[in-house]
Amino acid sequence: MGVVSVSMPDSLVDRIDEFTDEHGYTGRSEFLREAARDLLGEFEDRKLEDRELMGIVTVVFDYEGTAVEERMMRLRHEHEEIVASNFHSHVGDHNCMELFILEGNLEQISTFVGKIRATTDTKTVDYSVTPIGDAEGIV
């Protein structure tokens, strides 16, 4: 088995440690392996392949001292062929929320979500994917 060294903020390490203790994981490695499998499996739903999809992506970030808002704008323009709509709102004292409505295939949407997730200083990234049109065969 390979060994991977990962740097992350102490606060995140503390949250991982608390979660592993509370949920009976044997340690950080088991937790991170499961998290990686889940993340990698998110877009492997064979029922969604070769279908036109709608994706909703919500991003929350602190607007002070970060370049996230600029990155969101760049990603919107880089992927204008699938970004049907985009909404920006201020949430609380220091947060912004960016909402993207996407129309495209699984590969296009997963690439977009991957780039959003790779953006430094985002607080949360949530998304959902739904087939457009005939939903026959979707359970």
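As the structure is a computational prediction, the values presented were derived from the model and not from experiment. (Residues numbered from 1 in each chain as written. Predicted model: local features only at pLDDT ≥ 70, side-chain atom pairs only at ≥ 80, totals over all residues. Heavy atoms only, no water.)

Our next topic: the confidence of the model for the protein chain. Across the protein chain, the average pLDDT comes to 87, with 91% of residues at 70 or higher. Predicted confidence in the protein chain is weakest over helix H2 (residues 28-41), with a mean pLDDT of 83, and strongest over strand S3 (residues 95-104), with 95. (pLDDT = per-residue confidence, 0-100. Helix = DSSP H or I, 4+ residues; strand = E, 2+ residues; numbered from the N terminus.)

On to the sheet that holds S3. Taken together, the 4 strands give an open sheet; going across it, the order is S2-S3-S1-S4, and neighbouring strands pair in antiparallel fashion. Strands with a single pairing partner mark the edges of an open sheet, and in this sheet they are strand S2 (83-91) and strand S4 (122-131). Pairwise comparison of adjacent strand axes, ignoring direction, gives a mean angle of 10° for this sheet. (Pairing = 2+ DSSP bridges. Axes fitted to C-alpha atoms, helices over the stretch in contact; angles between N-to-C directions.)

What follows concerns the packing of aromatic side chains. The final tally for this structure, using the stated rule, is 4 aromatic pairs. Considering the side-chain rings of Phe 19 and Tyr 25, the 6.0 Å spacing of their centres and the 40° angle between planes classify their relative orientation as tilted. A residue is classified by how much of its surface remains accessible, and Phe 19, at 32% relative accessible area, is partly exposed. Put simply, the rings of Phe 19, Tyr 25 and Phe 31 pair up and form one aromatic cluster. (Phe/Tyr/Trp six-rings, centres within 6.5 Å; stacked < 30°, edge-to-face > 60°. Buried < 20%, exposed > 50% of the residue type's maximum accessible area, 1.4 Å probe, protein only.)

A separate point is the nonpolar core. Membership of the largest hydrophobic core comes to 19 residues, with the highest contact counts inside it found for Val 57, Val 59, Met 72, Phe 100, Leu 102, Phe 112 and Ile 116. Among the elements of the structure, strand S1 (53-62), helix H3 (68-78), S3 and helix H4 (106-117) are those that each provide at least two residues to this core. Per-element tally for this core: the top contributor is H4, with 5 residues. Aside from chain neighbours lying at most four places away, what touches Phe 112 is Val 57, Leu 75, His 79, Ile 82, Val 83, Phe 100 and Leu 102. (Core = buried A, V, L, I, M, F, W, Y, C linked by side-chain atoms within 4.5 Å. Contact = heavy atoms within 4.5 Å.)

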